[in-house]
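Chain by chain, the residues:
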Amino acid sequence: MREIQDIFNLMAKINQSLGEFIIENQSEFKYSSGELSRLINSIRLAAKVVNHKVNKAGLVDILGTAGNNNIQGEDQQKLDVFANEVFINTLTNREIVCGIASEEEDDFITIKGRNQKNDNKYVVLMDPLDGSSNIDVNVSVGTIFSIFRRITPSGTPVTIDDFLQPGINQVAAGYIVYGTSTMIVYTTGHGVNGFTLNPAIGTYYLSHPNMKIPQDGHIYSVNEGNYVHFPQGVKDYIKYCQKEEEDRPYTSRYIGSLVSDFHRNMIKGGIYIYPNTSKDPNGKLRLLYECNPMAMLAEQAGGKASNGFESILKIQPTSLHQRVPFFCGSTKMVEKAEEFMQKHNNTRE
Ligand code: AHM
Ligand code: MG
C-alpha cells in the first residue's frame with residue numbers, strides 16, 4: 001500500500017518545475033524569508049545562460065584560453081571567464097547576496113545590496129565552470145555552488161570570516177552538470193533533488209526526487225596517471241579495488257570533471273578520489289568551491305566525504321583558495337579508503 005502511495009506521490013511530482021518546487025519547499029528553509037529562494041532562482045537563471053553558451057561552444061569563437069591566469073596560475077578558458085561573469089553579474093544585479101567568492105577571482109566580492117544597506121543575508125562561493133580542461137574536447141563540465149548565511153552583523157560589509165566557515169554551516173549547496181542533458185542538483189539540508197532542463201521551453205523539471213547515493217559501489221574514479229605520487233594508503237586502496245575477489249575488481253571511470261564523476265557515482269554508487277600527492281601536498285581541489293558543496297550533497301544523499309582522516313564538513317578553512325585531499329561517494333567505499341589512509345597515517349607521504 002505504502003509503495004503504491006510512494007509511486008503516486010512520485011508521479012504527482014514528476015512534472016513539477018524547479019520554480020514550483022522552490023516555492024513549495026520554501027518553508028523548509030531555516031530562515032524562511034524568501035531570500036534563499038530568490039538566490040536559488042538566480043542561480044537557476046544564470047545556469048541557463050551558461051548552458052546556452054556551453055552548447056554553442058563548438059560553433060563560436062569561445063573555445064580556448066582567454067589569455068589570463070587565475071590566482072592558482074592555471075589558464076582560464078574563455079568559457080570559464082564567461083561563466084564567472086554571468087554568475088557574478090546575475091547575483092550582483094539582483095542584489096540578493098552580500099558577497100561572492102569565486103574560484104576565478106583573487107579575492108571575495110562585496111555586494112552592498114538594496115540602497116547600499118549591506119543587509120543581505122547570504123554569501124555564495126562557487127566554481128563557475130569546473131572541469132575546464134574538458135571544454136575544448138566536448139566533454140561535460142559543471143558549475144558548483146555553496147551558500148552560507150553571513151556571520152558578521154547585517155548592515156556592515158562582509159568580511160573574510162563570512163567566507164571561511166566550516167562546510168557544516170552551509171545552508172545550501174549544489175551543482176549544474178552540462179552533460180547529455182543539463183541538470184541542476186541541489187540541497188537545502190532536506191535531502192537532494194535533481195532537475196533536468198527541457199531546453200525546448202527553458203524549464204527545469206524535477207526528474208530525480210530525493211536522490212540517494214548507494215551505500216556501496218563498484219566504481220572508483222581517480223587520476224591513476226599520478227599513481228607514483230600518491231600516498232601509500234591510496235596506492236593500497238587502488239590495489240584493493242583491482243583485486244580479484246567476490247565483487248571485485250571494481251570498474252575504473254574518470255572523466256576529469258568532478259561534477260560529472262560525482263554525478264555518475266551519486267546515481268550508480270562509487271568513490272571519487274583526488275588525494276594529496278608528493279607534488280601537491282594538499283591535493284588539487286578547493287575546499288570552499290568544490291569539496292564543501294560536494295560533501296554536503298554527498299552527506300545529504302546518505303554518502304560520505306573526507307580528507308582521508310576527517311569529515312570535509314568539519315574542516316575550519318584558513319584561506320579562500322585552500323586545497324584539500326578529497327575522498328567522496330558511497331559511504332562504505334569512502335570508509336574503506338579511509339581505513340587504508342589511516343593504516344599508513346600518511347597525510348603527506
Ligand atoms: P578546475 O576547477 O581547474 O577545472 O579543476 C578541477 C578539476 C576537476 O573537475 C577534476 O576532477 C580534476 O580537476 C581533474 O584534475 P586532473 O586533470 O589533475 O586529474
Ligand atoms: Mg574547479
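Coordinates for the structure precede this section.
Residues numbered from 1 in each chain as written. Chains lettered and ligands numbered in written order. Predicted model: local features only at pLDDT ≥ 70, side-chain atom pairs only at ≥ 80, totals over all residues. Heavy atoms only, no water.

**Description of helix H7 (residues 258-268)**
For step 1, the next point in the chain: Across the 11 residues that make up H7, a large majority, 9, are buried.
For step 2, the next point in the chain: For H7, every residue scored as buried is listed here: Leu258, Val259, Ser260, Asp261, Phe262, His263, Arg264, Asn265 and Met266.
For step 3, the next point in the chain: Once H7 ends, the next one or two residues include Gly269, with phi positive near 90 degrees. (Buried < 20%, exposed > 50% of the residue type's maximum accessible area, 1.4 Å probe, protein only. Helix = DSSP H or I, 4+ residues; strand = E, 2+ residues; numbered from the N terminus.)

**Regarding the coordination of the magnesium ion (ligand 2)**
For step 1, the next point in the chain: Binding of the magnesium ion (ligand 2) to the protein goes through Asp127 (OD), Asp130 (OD) and Glu290 (OE), at separations of 1.9 to 2.0 Å.
For step 2, the next point in the chain: Taken in sequence order, the residues that donate to the magnesium ion (ligand 2) follow the motif D-x2-D-x159-E. Of the two residues, Asp130 sits in strand E5 (residues 122-130) while Glu290 sits in helix H8 (residues 287-300), which places them 160 residues apart along the sequence. (Donors = N, O, S within 2.8 Å, 3.2 Å for Na, K, Ca; no water.)

**Notes on the pattern of salt bridges**
For step 1, the next point in the chain: Scanning the model with the defined rule gives 9 salt bridges in all.
For step 2, the next point in the chain: Residues Glu338 and Lys304 are paired through a salt bridge, measuring 3.2 Å at the closest nitrogen-oxygen approach. In this pair, Glu338 sits in helix H9 (residues 331-344) while Lys304 sits in strand E14 (residues 304-306), placing the two residues 34 residues apart along the sequence.
For step 3, the next point in the chain: The exposure class assigned to Glu338 is buried, which follows from its relative accessible area of 8%.
For step 4, the next point in the chain: Among the residues examined, Lys304 registers a relative accessible area of 23% and is labelled partly exposed. (Salt bridge = Lys/Arg side-chain N within 4 Å of Asp/Glu carboxyl O.)

**Quick notes on the site of ligand 1**
For step 1, the next point in the chain: The full set close to ligand 1 counts 17 residues, and Asp130, Tyr254, Leu258, Tyr272 and Tyr274 are the nearest of them.
For step 2, the next point in the chain: Ser132 places a polar main-chain atom, nitrogen or oxygen, 3.1 Å from an oxygen atom of ligand 1.
For step 3, the next point in the chain: Contact between ligand 1 and Leu258: an oxygen atom at 2.6 Å from a main-chain N or O atom of the residue.
For step 4, the next point in the chain: Burial of ligand 1 by the surrounding chains reaches 86%, relative to a free accessible area of 470 Å².
For step 5, the next point in the chain: Among the secondary structure elements, those contributing two or more residues to the shell around ligand 1 are E5 and strand E13 (271-274). (Near = heavy atom within 4 Å. Polar contact = N/O pair within 3.5 Å; in protein donor to acceptor, adjacent residues only side chain to side chain. Areas by Shrake-Rupley, 256 points an atom, 1.4 Å probe, with all protein chains shown as cover.)

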